[in-house]
Amino acid sequence: MPVGLFRVCLLVITAIVNHPLFFPKENGTVPEHTEEIIQKMKEREESLRLEQLRLEQEIADQEASQKALEKAAVVVEESKEEKVRWDMWTALSMVIFLLIELWRQDFQEGNWQDIGGEEDDMAVLGKAFKGVALPDKAVLASFYEKRILGTTGDMARMREMVEGFADDLLEALRSVCNRDADMEVEDCMGMGSMYENWRVRKPFVCDLIVPFAPPEPYCFRCQTWCSGDSFPPDEQGYGTIKVCRADEDETGCICDKTKLGEDMLCLLHSQVSSTRPSSEMEDLLCFKNTQYLDADQVMKWFQIAVTKAWNRISHKYEFDLSFSLLDSPGALKIKFKSGKSIAFNLTPVVQYENSDVYFISHFPRSSLAADIPSSTHWFLTFAVYERRFIQLVSKTLPANACHVSCLQILSFLHGKQCSLTGPSGLTNYHLKTVLLHLLQARPSQDWAPEKLEARLQDMLKFLEKCLHEKKLYHFFIGNGKVPAELGFPIIFQKAEPLNLFRPFVLRRDIYRKMVDTFHEMLRNMSALINEYTVHIPLAHTNGIRKEPL
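Residues numbered from 1 in each chain as written. Predicted model: local features only at pLDDT ≥ 70, side-chain atom pairs only at ≥ 80, totals over all residues. Heavy atoms only, no water.

As recorded by an unreviewed UniProt entry, the protein carries the name Inositol 1,4,5-trisphosphate receptor-interacting protein and is attributed to Prunella himalayana. Per UniProt, the comment on the protein under Sequence similarities (unreviewed entry) is "Belongs to the ITPRIP family." Looking at the Function (unreviewed entry) heading of the UniProt record, one finds this comment for the protein: "Enhances Ca(2+)-mediated inhibition of inositol 1,4,5-triphosphate receptor (ITPR) Ca(2+) release." (UniProt positions renumbered as here; feature names shortened; annotations may be inferred.)

Set out below in structure tokens:
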């Protein structure tokens, strides 16, 4: 009995203890919190896995970018090396090309005047002459006698009249000018075709140059493209004229370049003379705010001075004087009451040092200085030496030599062709330059009067060669064979040869027009000559053979 009661009590106590109402926190919620923890742990594990994947992706992207940068750097380095190699080959090619070009120019410069001994080259030239024949000797002689020879007397009378009037006009100009402030004008000189006796086309125009100098105490200092200063290629043949005081050092005093201070003075220059106001330089016909002589200012001053001089002496003459052309400031025309007129050009020039080379402001009726870089650039004319050279050579030629006749005939034919087809870039000065080269190259006996036809052929062939090569060198510049008797300045003999056809290299339209005019002149040559030739009996020409060019 006691044992059974004990068992019952133990069972009741066990039931009470295990009832869910007792110890609710310790027994009933443990399973739920465990599941939440497990769930959170899984979520955390998932987030860590995703984060790991993201980091791995970023690392992979960075490695890919690094590889791309390294690859790009390698490509750039290779391209640089390739560019360096390419630049090296380009530079080497340019050097080789320049050496070849320099050698070619040196070769040509050494032989450009030796055309007299190049009979083979002259023989293969003249492709434009195929089918073209010069008129025979009798026709040429008749043409020259009728059309050209009769103009010589007219030119002599006109030169005498114009020179006398020009001297009187310049004397009056000196009287109206202020000797202390204005330019000092010297005597005029004749130049060009009228004074070399080869002008044929009317109206006859005398070209006179008038040297002038600045008033004391000023002087001109001339700089040319070949005097050592750097001049661009398009300014070859030009120079500048600087107006300076006679007591001013050519290199300039140090006081002009250094600040001496208020308590220091230059012993050579006073404070007054150290600075020249711009108005003073403009009165000296300089370009604004410079010391360089302005060609436009000079021409304006010269026109005003000529007008004043004419007003002073006009009562002495029974004709009127006026400026004839707006684009040629020195072009003057004398008008008689009968209606006749005489034209002449009076152009101011500046002498280069103690030579007979002159800086000229512009060329009347010429395209030689059509594209002057600026009004402070002056073209150099060698007309006085050209005239002297022709006179010197003429003394060694046979009597009645044909050199002037050749130039007259070609000048006439070219002028007639231009009147038919319009003007071209080819000028009478180019024809004269061709003659000067041939006069130096050929022996004296080749200019006998009976060889007129052959020398015309030579001039035309040489001109065709120059047109084909676009090279016609100035006769004096770079010519080391100029006779010493002329006293030509050595600085121009040692200069690089000046190509007169250089302006046409880039201006293809003008070059094409020039070549077409030349070829057209060749085709029309016989017709143009026959038009001005008297009838020649057939008996005089039966024994003469036409020799094609």
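Participant: When you look at the overall build of the protein in this model, what are you seeing that I'm missing?
Facilitator: Helix and strand counts for the protein come out as 15 helices and ten strands. Here the protein, with 549 residues, has 41% of them falling under the buried criterion. Partitioning the intrachain contacts of the protein with sequence separation of at least 6 by distance along the chain shows that 71% fall at a separation of at least 24. Carbon and sulfur atoms make up 57% of the accessible area of the protein, which totals about 32300 Å². (Helix = DSSP H or I, 4+ residues; strand = E, 2+ residues; numbered from the N terminus. Buried < 20%, exposed > 50% of the residue type's maximum accessible area, 1.4 Å probe, protein only. Contact = heavy atoms within 4.5 Å. Areas by Shrake-Rupley, 256 points an atom, 1.4 Å probe, with all protein chains shown as cover.)

Participant: Is there a simple way to think about the packing of helix α10 (residues 383–394) against helix α12 (residues 428–441) in this case?
Facilitator: Packed helices, taken two at a time, are described by their axes: the angle between them and the distance between them. Closest axis-to-axis distance for the α10/α12 pair is 11 Å, and the angle between their directions is 40°. As the angle between them shows, α10 and α12 are arranged oblique. Where α10 crosses over α12, the handedness of that crossing is left-handed. Of α12, the residues touching α10 (which contributes Glu386, Phe389, Ile390 and Val393) are Tyr429, Lys432, Leu436, Leu439 and Gln440. Broken down by class, the residue content of the contact of α10 with α12 amounts to six nonpolar, one polar and two charged. (Axes fitted to C-alpha atoms, helices over the stretch in contact; angles between N-to-C directions. Parallel < 35°, antiparallel > 145°, perpendicular 65-115°, else oblique. Left-handed = near helix turned anticlockwise from the far one by under 90°. Nonpolar A, V, L, I, M, F, W, Y, C, P; charged D, E, K, R; others polar.)

Participant: Help me understand the side chain of Ser411 in this model?
Facilitator: Along the chain, Ser411 falls in helix α11 (residues 403–421). Polar side-chain contacts of Ser411 include one of 3.2 Å to the side chain of Asn428. Residues in contact with Ser411, not counting those within four places in the same chain, are Trp198, Val200, Arg201, Asn428 and Leu431. (Polar contact = N/O pair within 3.5 Å; in protein donor to acceptor, adjacent residues only side chain to side chain.)

Participant: What exactly am I supposed to notice about helix α5 (residues 137–148) here?
Facilitator: A turn of α-helix holds 3.6 residues, and therefore any two residues three or four places apart point the same way. The first and last C-alpha atoms of α5 sit 15 Å apart over twelve residues, in line with the 16 Å expected at 1.5 Å per residue. Within α5 the residues assigned to the buried category are Ala138, Val139, Leu140, Ser142, Phe143, Tyr144 and Ile148. (Expected span 1.5 Å × (residues − 1).)

Participant: Hey, could you run me through the packing of aromatic side chains in this one?
Facilitator: Working definition: an aromatic ring pair is given by the centre-to-centre distance plus the angle between the planes. Scanning the entire structure with this criterion turns up 26 aromatic pairs. Ring geometry for Trp225 versus Phe492: centroids 6.0 Å apart, planes at 35°, classification tilted. Within this pair, whereas Trp225 is found in the loop between β4 (218–224) and β5 (238–245), its partner Phe492 is found in helix α14 (residues 490–493), the two being separated by 267 residues in sequence. Residue Trp225 is classed as buried on the basis of its relative accessible area of 10%. An aromatic cluster is built from Trp225, Tyr352, Phe359, Phe382, Tyr385, Phe389, Phe475, Phe476, Phe488 and Phe492, whose rings are joined through pairwise contacts. The residue whose ring lies beneath Arg245 is Tyr218, and the NZ or CZ to ring-centre distance is 5.7 Å. The ring of Tyr385 has Arg388 lying over it, and the distance from NZ or CZ to the ring centre is 5.6 Å. (Phe/Tyr/Trp six-rings, centres within 6.5 Å; stacked < 30°, edge-to-face > 60°. Lys NZ or Arg CZ within 6 Å of the ring centre and 35° of its normal.)

Participant: How should α11 be read in this particular structure?
Facilitator: Here α11 contains 19 residues, and its C-alpha end-to-end distance of 27 Å stays within 8% of the 27 Å for a straight helix at 1.5 Å per residue. The buried fraction of α11 amounts to 16 of the 19 residues, a majority that puts the element mostly inside the structure. Phi turns positive, to about 95°, at Gly422, one or two residues after α11.

Participant: In this structure, what is going on with the confidence of the model for the protein? I would like to understand it.
Facilitator: Caution applies to low-pLDDT regions: their predicted coordinates should not be interpreted in detail. Mean pLDDT over the protein: 79, with 74% of residues reaching 70 or higher. Per-residue pLDDT stays below 50 along residues 108–125; that stretch engages in 31 contacts with residues further than four places along the chain or on separate chains. The model gives residues 535–549 a pLDDT under 50, and that stretch makes 23 contacts with residues more than four places away or in other chains. (pLDDT = per-residue confidence, 0-100.)

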